[in-house]
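Survey of secondary and tertiary structure
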Amino acid sequence: MNDGLVLIALESSGLETDAVLRDKDTFADVVAGATNEQTSVGRKPLTSVTVTVDDTNDRVALEAADVTWTAPTGNAVGAVVICYDPDTTSGTDADLIPLTKHDISWTPDGNNFSLSIADFCRISSTA
């Protein structure tokens, strides 16, 4: 299997609202409007993804190893999106399924930057 999770930075300029972005079904849809990918920092595959079942609180938490960019440059970042990639070897943006979006404020200035990916998704049920 060649699937995985990928973290993609979005430029702060032109970033659409959550109300608009939540209706986008693929990453190709995300960048089809005013929202732009911040391409100079590059996409980052998530590694060491763990799932923790919490029976006490009736929820499941997903975490991953921290992501680090070395000497990044380019336009300011306003958010990152985590997508499911069903084919990491030859998929396209139309194949990427956005799972979560996280607001950040970061201007890549050549200094290394690390982002903690702890508890990026928490799933619970009231049933």
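Residues numbered from 1 in each chain as written. Predicted model: local features only at pLDDT ≥ 70, side-chain atom pairs only at ≥ 80, totals over all residues. Heavy atoms only, no water.

**Comments concerning the packing of aromatic side chains**
Evaluation of the coordinates by the stated rule reveals three aromatic pairs. Look at Trp69 and Trp106: their rings are 4.9 Å apart centre to centre, the planes differ by 40 degrees, and that puts the pair in the tilted class. Placement of the pair is Trp69 in strand 5 (residues 67-69) and Trp106 in strand 7 (residues 97-106), with a sequence separation of 37 residues. Residue classification places Trp69 among the buried residues on the basis of a relative accessible area of 1%. Relative accessible area serves as the criterion here: at 6%, Trp106 is assigned to the buried category. The interplanar angle of 10 degrees and the centroid separation of 4.1 Å between the aromatic rings of Trp106 and Phe113 together place this pair among those described as stacked. (Phe/Tyr/Trp six-rings, centres within 6.5 Å; stacked < 30°, edge-to-face > 60°. Helix = DSSP H or I, 4+ residues; strand = E, 2+ residues; numbered from the N terminus. Buried < 20%, exposed > 50% of the residue type's maximum accessible area, 1.4 Å probe, protein only.)

**Observations concerning the sheet that holds strand 3 (residues 50-54)**
One open sheet holds the three strands; their spatial order is 3-4-9, and the pairing between them is antiparallel. The two strands at the open ends of the sheet, each matched to only one other strand, are strand 3 and strand 9 (121-124). Ignoring strand direction, the axes of neighbouring strands in this sheet form an average angle of 15 degrees. In this structure, strand 3 lies alongside strand 4 (residues 59-63), joined through five bridges in antiparallel fashion. Within strand 4, the position partnered with Thr52 by the bridge is Ala61. (Pairing = 2+ DSSP bridges. Axes fitted to C-alpha atoms, helices over the stretch in contact; angles between N-to-C directions.)

**Thoughts on the nonpolar core**
Of all hydrophobic cores here, the largest spans 18 residues; its most connected members are Leu7, Leu46, Trp69, Ile82, Leu115, Ile117 and Phe120. For this core, the secondary-structure elements that each account for two or more residues are strand 1 (4-11), strand 5, strand 6 (77-85) and strand 7. Setting aside residues no more than four positions away along its own chain, Ile82 makes contact with Leu5, Val6, Leu7, Leu46, Ile97, Pro98, Leu99, Thr100, His102, Ile117 and Phe120. Grouped together as the second largest cluster of nonpolar side chains are 10 residues, Ile8, Leu21, Val30 and Val81 included. (Core = buried A, V, L, I, M, F, W, Y, C linked by side-chain atoms within 4.5 Å. Contact = heavy atoms within 4.5 Å.)

**A closer look at the pattern of salt bridges**
In this structure the tally under the stated criterion is seven salt bridges. Among the ionic pairs, Lys24 bridges to Glu16, the shortest N-O distance being 3.4 Å. Both residues of the pair, Lys24 and Glu16, count as buried. For the salt bridge of Asp93 with Arg43, the shortest nitrogen-to-oxygen distance reads 2.8 Å. (Salt bridge = Lys/Arg side-chain N within 4 Å of Asp/Glu carboxyl O.)

**Some remarks on the sheet that holds strand 2 (residues 44-45)**
Sheet architecture is open: four strands sit in the order 2-1-6-7, paired in antiparallel fashion. Edge positions in the sheet fall to strand 2 and strand 7, since each has one partner strand and no second. Bridge count for strand 1 against strand 6 is eight bridges, and the pairing is antiparallel. When the sheet's bridge partners are listed, Gly4 is paired in strand 6 with Asp85.

Don't take any of this as a statement about function, it's just geometry.
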